[in-house]
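Okay, here's what each chain looks like letter by letter:
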Amino acid sequence: MNASRIALVTGANQGLGRALAEGLAARMDPDGLVLLTGRDQRRVAGAAREVAQLAGTRARVEGRVLDVTDTDAIAHLAAELRARYGGVDVVISNAVARVLPEDSQSARADEFIDVSNTATHAILRSFGPVLRPGGRLLVVASSLGTLGHLDPRLHHLFEGASLDQVEYAVESWRSRIHNRTAEEAGWPRWLNVPSKVAQVAAVRAVAAERRERDLADGTLLASVCPGMVDTATSRPWFSDYSQAQSPAEAARAVLDLVFADGVDPALHGELVRFGKAVPWHDGTPPVEQDRLLTP
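Novice: Sorry, what's going on with the overall build of the protein here?
Specialist: A count of helical and extended segments in the protein gives 8 helices and 8 strands. Across the 295 residues in the protein, those meeting the buried criterion constitute 53%. In the protein, of all internal contacts separated by at least 6 residues, the share reaching a separation of at least 24 is 78%.

Novice: Is there a simple way to think about the sheet that holds strand β6 (residues 220-225) in this case?
Specialist: Two pairing modes exist for strands in a sheet, parallel and antiparallel, and in both the strands are linked by backbone hydrogen bonds. Sheet architecture is open: 8 strands sit in the order β3-β2-β1-β4-β5-β6-β7-β8, paired in mixed fashion. Each having just a single partner strand, β3 (60-65) and β8 (276-278) make up the two edges of the open sheet. Along the sheet, successive strands turn relative to each other by an average axial angle of 25 degrees, direction set aside. In this sheet, strand β2 (residues 33-38) lies alongside strand β1 (residues 6-9) in parallel orientation, the contact comprising 4 bridges. Paired with Val 9 across the bridge in β2 is Leu 36. Running at roughly 170 degrees to β1, helix α1 (residues 15-27) makes contact with β1, β2, β3, β4 (88-93) and β5 (131-140) of the sheet. Relative to the sheet, helix α2 (residues 41-52) contacts β2 and β3, its axis offset from that of β3 by approximately 175 degrees.

Novice: I tried to follow the pattern of salt bridges on my own but got confused; where do I start?
Specialist: Two side chains carrying opposite charge are able to pair once their charged atoms lie near each other. Under the defined criterion, the tally for this structure stands at 19 salt bridges. Residue Asp 114 pairs with Arg 174 through a salt bridge whose shortest N-O separation is 2.9 Å. Of this pair, Asp 114 sits in helix α4 (residues 109-127) while Arg 174 sits in helix α6 (residues 163-179), placing them 60 residues apart in sequence. Note on Asp 114: relative accessible area 23%, which makes it partly exposed. Glu 171 serves as the salt-bridge partner of Arg 174, at 2.9 Å between the closest nitrogen and oxygen. Linking Arg 174 with Glu 171, this pair stays in helix α6, spanning 3 residues, or about one helical turn. Accessibility expressed as a relative area gives 11% for Arg 174, which makes it buried.

Novice: Looking at this model, I keep getting lost on the nonpolar core. Mind explaining?
Specialist: A general feature of soluble globular proteins is that nonpolar side chains tend to end up buried together. Core analysis: the largest hydrophobic core is formed by 60 residues, its most contacted members being Val 88, Phe 127, Leu 137, Phe 158 and Val 166. Per-element accounting of this core gives the leading share, 10 residues, to helix α7 (residues 192-217). Leu 16, Val 140, Leu 220 and Val 254 belong to the second largest nonpolar core, which has 35 residues in total.

Novice: Can you help me understand empty space enclosed by the protein in this one?
Specialist: If a probe as big as a water molecule is rolled over the atoms, it shows which places are left empty. Taken as a whole and judged by the stated rule, the model has 2 cavities of 30 Å³ or more. Lining of the largest cavity is provided by Val 224, Cys 225, Pro 226, Ala 253, Val 254, Leu 257, Val 272, Arg 273, Phe 274 and Gly 275. Mapped onto the lining of the largest cavity, the elements with two or more residues apiece are β6, α8 (247-259) and β7 (271-273). Counting residues per element, the lining of the largest cavity draws most heavily on α8, at 3 residues. The class makeup of the residues in the lining of the largest cavity is 8 nonpolar, 1 polar and 1 charged.

Novice: For this particular structure, what's the right way to read the side chain of Asp 214?
Specialist: Here Asp 214 is to be found in helix α7. Ignoring sequence-local partners within four residues, the contact set of Asp 214 consists of Thr 219, Leu 221 and His 268.

Novice: Is there a simple way to explain the side chain of Gln 199 in this structure?
Specialist: Relative to the assigned elements, Gln 199 resides in helix α7. Only 3.2 Å separates the side chain of Gln 199 from the side chain of Thr 120, close enough to count as a polar contact. In contact with Gln 199, not counting residues within four places along its chain, are Ser 116, Asn 117, Thr 120, Val 139, Val 140 and Ala 141.

Novice: Looking at this structure, how should I read the confidence of the model for the protein?
Specialist: Note: predicted coordinates in regions of low pLDDT should not be interpreted at a detailed level. Residue-level pLDDT values for the protein average 90, and 89% of them are 70 or greater. Counted against residues more than four places away or in other chains, residues 289-295, with its pLDDT under 50, gives 23 contacts.

Novice: Explain the pairing of β4 to me, please; I cannot follow it from the model alone.
Specialist: Every regular strand shows the same layout, with side chains that alternate between the two sheet faces. For β4, the tally of buried residues reaches 6 of 6 residues, placing the bulk of the element in the interior. Note that β1 and β4 share 3 bridges and pair parallel. Counterpart to Val 9 in the pairing with β4 is Ile 92. Both β4 and β5 contribute to a ladder of 5 bridges, which runs parallel.

What counts and what doesn't
Residues numbered from 1 in each chain as written. Predicted model: local features only at pLDDT ≥ 70, side-chain atom pairs only at ≥ 80, totals over all residues. Heavy atoms only, no water. Helix = DSSP H or I, 4+ residues; strand = E, 2+ residues; numbered from the N terminus. Buried < 20%, exposed > 50% of the residue type's maximum accessible area, 1.4 Å probe, protein only. Contact = heavy atoms within 4.5 Å. Pairing = 2+ DSSP bridges. Axes fitted to C-alpha atoms, helices over the stretch in contact; angles between N-to-C directions. Salt bridge = Lys/Arg side-chain N within 4 Å of Asp/Glu carboxyl O. Core = buried A, V, L, I, M, F, W, Y, C linked by side-chain atoms within 4.5 Å. 1 Å grid on protein atoms, 1.4 Å probe; cavity = no way out; pocket = protein on both sides within 12 Å on 5 of 7 lines; lining within 4 Å. Points joined across faces, edges and corners; volume = space filled by probe spheres on them. Nonpolar A, V, L, I, M, F, W, Y, C, P; charged D, E, K, R; others polar. Polar contact = N/O pair within 3.5 Å; in protein donor to acceptor, adjacent residues only side chain to side chain. pLDDT = per-residue confidence, 0-100.

Right, here's the structure in full:
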């Protein structure tokens, strides 16, 4: 990837997102631009200012307010970047809704699904068409996003699905949560598993449609698992943090994927963890009582 490019990171005012923005700004050329986004104007402005002032930062850094649950806002930003710059070269979708173990999963379902899934669908639809040749569009997910983590009764909803079909499956899941029929259909109570599977399935769907063209021009669409990261969002869920990475450590493998020369066909459309594809059918449905799972 040419380093003098335009990059966008969502959910970037703290944690992994901020570390990704810092790494991009450090490794891109001075005429590159990193757009650091989040929902809160004050926090976004502060984070952008601090990242821009870091020693070693090369590219320009700007803060932009973006609520990823607003699909129109995502579309408008994509259109703006196409009109102003001819497109975008790096998009890293990283936004996540913070849910605590003591929170009601069903009560937080709408927010969680909107931030993780509706936003992923909108980013793929709006930024896929404006991604320039040789670009990177990465969705931060986790190793829980493999099909084997779901009840086998649900596999047909995501196996070989189109983006529209993935979106329909997500909305059907949401409806069942509200109707209190999700568990009888096989959906786990814990939101993170089906949400991550749906994110990975959405990326697979779009990547499959673009595969021939993307591989020809060195463009990569993939979902990425950064591994266990010590952040305020993830810490409440884990009892053992001895192997956790700092956000800066976790960002390195993702950034190496961004700046790699060319595209490994084995990674296109896949869930990538530390440079290797995680098999789509891996995993087993989690025991509901054991929520302390490795990302």
